[in-house]
Amino acid sequence: MDNVIVILFLAFFLVLIALDIVMLISLVKPGDERKQMIVHRASSLTLTGTVGSMMIGIIENLLKGESIDVNPFVHLGTTAIIYFVSLIYYKRKYGG
């Protein structure tokens, strides 16, 4: 049972790394105006979601009286997932 959990975690970790690489490549890769608009909108939504989740976490920790700590793995994974989903949405919406 422990081996299955470790294998699932490693698979999830590899997927997150792949999503991060795709995110970085799509941000620096030049394209036409439509592709730039799609990346811009996906990036805007990702920034909004990331900042919103961080604000909620800070407010929650302040109300509980706990210290503010951010797990970089969770933060980077969440950012990559939000970007990937929004990129797919905008690509389907605008035909990219």
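Structure's up top.
A quick note: this is a predicted structure, and the numbers were derived from the prediction, not measured. (Residues numbered from 1 in each chain as written. Predicted model: local features only at pLDDT ≥ 70, side-chain atom pairs only at ≥ 80, totals over all residues. Heavy atoms only, no water.)

**Some details on the pattern of salt bridges**
Two side chains that carry opposite charge are able to pair once their charged atoms sit near each other. For clarity, the cut-off: Here a salt bridge means any side-chain nitrogen of Lys or Arg lying within 4 Å of a carboxyl oxygen belonging to Asp or Glu. Every helix listed is a DSSP run of H or I at least four residues long, and every strand listed is a run of E at least two residues long, numbered separately from the N terminus. Throughout this description, buried means an accessible area under 20% of the type-specific maximum (1.4 Å probe, protein chains only), exposed means over 50%, and partly exposed covers the range between.
In this structure the tally under the stated criterion is 2 salt bridges. The partner of Arg 34 in a salt bridge is Asp 32, with the nearest N and O atoms 4.0 Å apart. Between Lys 64 and Glu 60 there is a salt bridge, with the nearest N and O atoms lying 3.1 Å from each other. With a gap of 4 residues between them, Lys 64 and Glu 60 both fall in helix H2 (residues 33–64), about one helical turn apart. Given a relative accessible area of 52%, Lys 64 falls into the exposed group. On the basis of relative accessible area, Glu 60 is assigned to the partly exposed category, the value being 37%.

**Observations regarding the nonpolar core**
Spelled out, the test is: Put simply, a nonpolar core is a bunch of buried Ala, Val, Leu, Ile, Met, Phe, Trp, Tyr and Cys residues held in one set by side-chain atoms that sit within 4.5 Å of each other.
In terms of nonpolar packing, the biggest core is built from 7 residues, these being Met 23, Ile 38, Val 39, Ala 42, Tyr 83, Leu 87 and Tyr 90. Of all the elements in the fold, those that place two or more residues in this core are H2 and helix H3 (72–94).

**As for the packing of H2 against H3**
Under the convention used in this document: Comment: axis = line fitted to C-alpha atoms, over the contacting stretch for helices; angle = value between 0 and 180 degrees taken between N-to-C directions. With the far helix as reference, a near helix turned anticlockwise by less than a right angle produces a left-handed crossing, and one turned clockwise produces a right-handed crossing. Residue contacts are counted whenever heavy atoms from the two residues lie within 4.5 Å of one another. As a working rule, the residues Ala, Val, Leu, Ile, Met, Phe, Trp, Tyr, Cys and Pro are called nonpolar, Asp, Glu, Lys and Arg charged, and the rest polar, with Gly in that last group.
Taken N-terminus to C-terminus, the directions of H2 and H3 make an angle of 145°; their axes are 8 Å apart at the nearest point. Remark: the crossing between H2 and H3 carries right-handed chirality. Residues Arg 34, Met 37, Ile 38, Val 39, Arg 41, Ala 42, Ser 43, Leu 45, Thr 46, Gly 49, Thr 50 and Met 54 of H2 lie in contact with H3, whose contacting residues are His 75, Thr 79, Ile 82, Tyr 83, Ser 86, Leu 87, Tyr 90, Lys 91 and Tyr 94. Split by residue class, the contact of H2 with H3 holds 11 nonpolar, 7 polar and 3 charged.

**So, the packing of helix H1 (residues 2–28) against H3**
Rules: Note that the term roughly parallel is reserved for angles under 35 degrees, roughly antiparallel for angles over 145, roughly perpendicular for angles of 65 to 115, and oblique for everything else.
Look at H1 against H3: their axes get within 9 Å of each other, and the N-to-C directions meet at 60°. As the angle between them shows, H1 and H3 are arranged oblique. Taken as a pair, H1 and H3 cross one another with a handedness that is left-handed. Contacts between H1 and H3 involve Phe 9, Phe 13, Leu 16, Leu 19, Asp 20, Met 23, Ser 26 and Leu 27 on the former and, on the latter, Phe 73, Leu 76, Gly 77, Thr 79, Ala 80, Ile 81, Tyr 83, Phe 84 and Leu 87.

**Points about H3**
To keep things clear, this is the line we draw: Helices are assigned an expected span. That span is 1.5 Å times one less than the residue count. Under this definition, polar contacts are N or O atom pairs within 3.5 Å; protein pairs additionally need one hydrogen-donor-capable and one acceptor-capable atom, and for neighbouring residues in sequence, both atoms have to be side-chain atoms.
In a regular helix each residue adds 1.5 Å, so 23 residues correspond to 33 Å; H3 covers 32 Å between its end C-alpha atoms and thus fits that length. Within H3 the residues assigned to the buried category are Gly 77, Thr 79, Ala 80, Tyr 83, Ser 86, Leu 87 and Tyr 90. In this structure, the buried side of H3 is in contact with H1 and H2. Here H3 starts with a cap whose side-chain oxygen sits 3.1 Å from the backbone nitrogen of Phe 73, and that cap is Asn 71. In the segment just after H3, Gly 95 is the residue with positive phi, at about 70°.

**A closer look at the side chain of Asp 20**
Selection criterion: The convention is simple: Lys and Arg are positive, Asp and Glu are negative, and His and the chain ends are not counted.
Note on placement: Asp 20 falls in helix H1. Lys 91 is the oppositely charged side chain nearest to the buried, salt-bridge-free Asp 20, at an N-O distance of 15 Å. When residues no more than four places from it in sequence are discounted, the contact partners of Asp 20 are Leu 76 and Ala 80.

Purely geometric numbers; function is a separate question.
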